[in-house]
Amino acid sequence: MLFEVYTISDKLKWSERISSFDNEKLDIYYLPEYYQTWIEHEEAEPVCIYCEINNSRFLYPFFKKEIRDYKLDGKYYDIFSAYGYGGVVS
C-alpha cells in the first residue's frame, strides 16, 4: 500500500500523479493550479491524497479548513471540493 499527501507546495508531484491517470476521467478541477486560485476566496489549504491499494489507484484533491466559531475541545477540520466538480478519481 502507498499513501501520499500533497499540499500546494508539492504541486509538481500532485500534477505528476494526475497525469498518470486516463485523461478522459480528469478535468481542471483536479489540478493544483485550480485549487491555488481559490485559496484566498475559500481561506483554506489545498490538499491532495494519493493512494495505491491492491493494484488500484485513487486521487482525491480537496480543501482543508479549520472549523471555528464553535466551542470545541480541540482543532477540527472540514474538507470540501473546490468550486466545480469534486470527488475521487480512480
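All values reported here derive from a predicted model rather than from experimental measurement.

### Some words on the nonpolar core
Note on soluble globular proteins: their nonpolar side chains tend to be buried together. Counting 17 residues, the largest nonpolar core has Leu59 and Phe63 as the members making the most contacts within it. Mapped by element, the contributors of at least two residues to this core are helix 1 (11-19), helix 2 (32-42), strand 2 (45-53) and strand 3 (56-66). The greatest single-element share of this core, amounting to three residues, is contributed by helix 2. Ignoring any residue separated from it by four or fewer positions in sequence, one finds leucine 59 in contact with Arg17, Ile18, Phe21, Tyr30, Cys48, Ile49, Tyr50, Gly87, Val88 and Val89.

### A short note on the packing of aromatic side chains
Scanning all chains against the criterion turns up seven aromatic pairs. Aromatic pair tyrosine 29 and tyrosine 34: ring centres 5.1 Å apart, planes at 85°, arrangement edge-to-face. Its relative accessible area of 25% is what places tyrosine 29 among the partly exposed residues. A relative accessible area of 12% places tyrosine 34 in the buried class. Taken together, a centroid distance of 5.0 Å and an interplanar angle of 50° make the contact between tyrosine 35 and phenylalanine 63 tilted. With tyrosine 35 in helix 2 and phenylalanine 63 in strand 3, the pair connects residues that are 28 residues apart, well separated along the chain. Each member of the pair, tyrosine 35 as well as phenylalanine 63, carries the same accessibility label: buried. Following the ring pairs from residue to residue traces out a cluster consisting of Trp14, Tyr35, Phe63 and Phe80.

Calculation rules
Residue positions are counted from 1 within each chain, in the order its sequence is given. Note on the predicted model: pLDDT of at least 70 is required for a residue's local features to be given, and 80 or more for side-chain atom pairs to be given and counted; whole-chain, interface and lining totals, by contrast, use all residues. As a rule here, side-chain values cover all heavy atoms of the structure and leave hydrogens and water aside. Among the buried residues, those of types Ala, Val, Leu, Ile, Met, Phe, Trp, Tyr and Cys that are joined through side-chain atoms within 4.5 Å form a nonpolar core. Throughout this description, buried means an accessible area under 20% of the type-specific maximum (1.4 Å probe, protein chains only), exposed means over 50%, and partly exposed covers the range between. Helical segments are the DSSP runs of H or I of at least four residues, strand segments are the runs of E of at least two, and each set is numbered from the N terminus. Here, residues are in contact when the closest pair of their heavy atoms is within 4.5 Å. For this analysis, a ring pair means two rings from Phe, Tyr or Trp (six-membered ring only for Trp) whose centres lie within 6.5 Å, classed as stacked if their planes differ by under 30 degrees, edge-to-face if by over 60, and tilted for the remaining angles.

All we've got here are geometric facts, nothing functional implied.
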